[in-house]
Amino acid sequence: MAIKLILTDIDGTIMPYGKRQVTQRCRAAFHAAMDAGILVGPASGRFFSWIPNFFGGDEACCQTALATNGMQIYLEGRKVLQKELPPAALRTIMGALRDVPQSGLLVFEGARPLLVQGSRDDLAIAFPSYAKTCEDVDALPEAGITKANVFLVGDLERTREVVGALDALTDEVDLDVPQPMFSNVVPAGWNKGAALRWLCERVGVAPEETVVFGDAGNDLQMFAATPNSVAVANALPEARDAARYHIGPVEDDAVPAAIEALARGEWPFAD
């Protein structure tokens, strides 16, 4: 069956951590897929307004997108769905984090990061770029919140332990672990996988006509939503275990190489 939709995580999947842009080969691969009539785009925890910069300003590469872990869905460059987080659940998480050393909570007003709990110094260890740009505030914003992140200082094991305990506190939200010291907060039952299924229904694409790429815990539900899930070699163990197919590392442009093959009508994966 021909592939009609390709979605890929950004950080750690098509762009190495610490880099600010994908490669020229990645941008060209996206265009090759589009020229072949395939919908292609990012599925990221990032806000949509940030994503074009990762493609060198090439907005065509993100006309189709799942942003903020599926909280925002874009099609033909237009936002077609947006979810918001329940403030009560975020307050519950804030209360629990008061007893967790070197932890805190970020929420976003628009695309502006707000530090509602925790110290900037600890945030600088967990996610340096947010520490440079966030604003300290005393309370949650009144407007709808479409992105929130828990941060804490420690290794991957501690991150999973703390996030697991937080996840059990409320039925209103889910938390995942995309990388050590950092967690995404999403509405219960809503994630990249739910967003992928919604988008497939919107555009009339079957799950088996999709291919998705990822590397981390926030990609697991997206992997489960299609039989064609692909992990890069540098993926976290849970992502590698969940993926059906496996390719090379992000540093080798493994995803762009696979997209190039799909655009040519070839199948680049082996069971």
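Here is what the cut-offs are and how they apply
Residues numbered from 1 in each chain as written. Predicted model: local features only at pLDDT ≥ 70, side-chain atom pairs only at ≥ 80, totals over all residues. Heavy atoms only, no water. Pairing = 2+ DSSP bridges. Helix = DSSP H or I, 4+ residues; strand = E, 2+ residues; numbered from the N terminus. Contact = heavy atoms within 4.5 Å. Axes fitted to C-alpha atoms, helices over the stretch in contact; angles between N-to-C directions. Salt bridge = Lys/Arg side-chain N within 4 Å of Asp/Glu carboxyl O. Buried < 20%, exposed > 50% of the residue type's maximum accessible area, 1.4 Å probe, protein only. 1 Å grid on protein atoms, 1.4 Å probe; cavity = no way out; pocket = protein on both sides within 12 Å on 5 of 7 lines; lining within 4 Å. Points joined across faces, edges and corners; volume = space filled by probe spheres on them. Nonpolar A, V, L, I, M, F, W, Y, C, P; charged D, E, K, R; others polar. Disulfide = S-S within 2.5 Å. Expected span 1.5 Å × (residues − 1). Arc of directions from axis to C-beta. Polar contact = N/O pair within 3.5 Å; in protein donor to acceptor, adjacent residues only side chain to side chain.

Asks: Run through the sheet that holds strand 9 (residues 148–152), naming residues and quoting values.
Replies: Each strand in a sheet pairs with another by means of backbone hydrogen bonds, the pair being arranged parallel or else antiparallel. Pairing is mixed in the open sheet, where six strands are placed in the order 8-7-6-9-11-10. The strands lining the two open edges of the sheet, one partner per strand, are strand 8 (135–136) and strand 10 (173–179). Where helix 3 (residues 87–97) meets the sheet, it contacts strand 6 (103–109), strand 7 (112–117), strand 9, strand 10 and strand 11 (182–187), and its direction lies at approximately 155° from that of strand 6.

Asks: Residues and numbers for the pairing of strand 5 (residues 78–82), please.
Replies: Sheet analysis places strand 4 (residues 72–75) next to strand 5, joined by four bridges and oriented antiparallel. The partner of L75 across the bridge, within strand 5, is R78.

Asks: How would you explain the pattern of salt bridges if you had to name every residue and give the values?
Replies: Enumeration over the complete set of coordinates arrives at 10 salt bridges. Close ionic contact of E109 with R112 constitutes a salt bridge, the shortest N to O distance being 2.3 Å. A relative accessible area of 31% places E109 in the partly exposed class. By sharing partners, the salt bridges in this structure join D9, K192 and D219 into a single network.

Asks: Requested: an account of empty space enclosed by the protein, with residues and values cited.
Replies: One pass over the structure, following the stated rule, counts one cavity of 30 Å³ or more. Reported here for the largest cavity is a volume of approximately 40 Å³. Lining of the largest cavity is provided by T68, N69, M71, T146, K147, A148, N184, V185 and V186. Counting residues per element, the lining of the largest cavity draws most heavily on strand 11, which supplies three residues. Tallied by class, residues from the lining of the largest cavity come to four nonpolar, four polar and one charged.

Asks: Please set out the state of the cysteines residue by residue, giving values where relevant.
Replies: One pass over the structure, following the stated rule, counts zero disulfides. With no disulfide partner, C61 has as its closest neighbouring cysteine sulfur the one in C62, 6.8 Å distant. Given a relative accessible area of 0%, C61 falls into the buried group.

Asks: I'd like to hear about helix 1 (residues 24–35), residue by residue, with values.
Replies: Between its terminal C-alpha atoms helix 1 stretches 16 Å, which fits the 16 Å expected from 12 residues at 1.5 Å a residue. Restricting attention to buried positions, one finds in helix 1 the residues C26, R27, A29, F30 and A33. Projected down its long axis, helix 1 shows its buried positions confined to an angular sector of 160°, all on one face. Seen from the open side of helix 1, the exposed residues pointing more than 90 degrees away from its buried face are Q24 and D35. Along its buried surface, helix 1 packs onto strand 1 (5–8), strand 2 (39–42) and helix 10 (254–263). Positive backbone phi, approximately 85°, marks G37, located one or two places after helix 1.

Asks: Talk me through the environment of H31; I want residue IDs and the actual numbers.
Replies: Among the structural elements, H31 can be located in helix 1. Residue classification places H31 among the partly exposed residues on the basis of a relative accessible area of 29%. For H31 and L140, which are 109 residues apart along the polypeptide, the C-alpha to C-alpha distance reads 40 Å. Beyond its immediate chain neighbours, meaning those up to four positions away, H31 contacts D58, A60 and C61. At 2.7 Å, the side chain of H31 forms a polar contact with the side chain of D58.

Asks: For the layout of surface pockets, give the residues involved together with the corresponding values.
Replies: Counted as a void, the largest pocket has a volume near 850 Å³. Together, 30 residues line the largest pocket, and D11, R46, F54, F127 and S129 are the ones closest to its centre. Every element with two or more residues in the lining of the largest pocket is listed here: helix 2 (51–54), helix 5 (128–133), strand 10 and strand 11. Per element, the largest residue contribution to the lining of the largest pocket is five residues, and it comes from helix 5. Split by residue class, the lining of the largest pocket holds 13 nonpolar, nine polar and eight charged.

Asks: Which residues make up the environment of L220, and what values do they have?
Replies: Mapped onto the secondary structure, L220 falls in helix 8 (residues 220–224). It is 8.3 Å that separates the C-alpha atoms of L220 and K192, two residues lying 28 residues apart in sequence. Those residues in contact with L220 that sit more than four places away from it in its chain are E238, A239 and A242.

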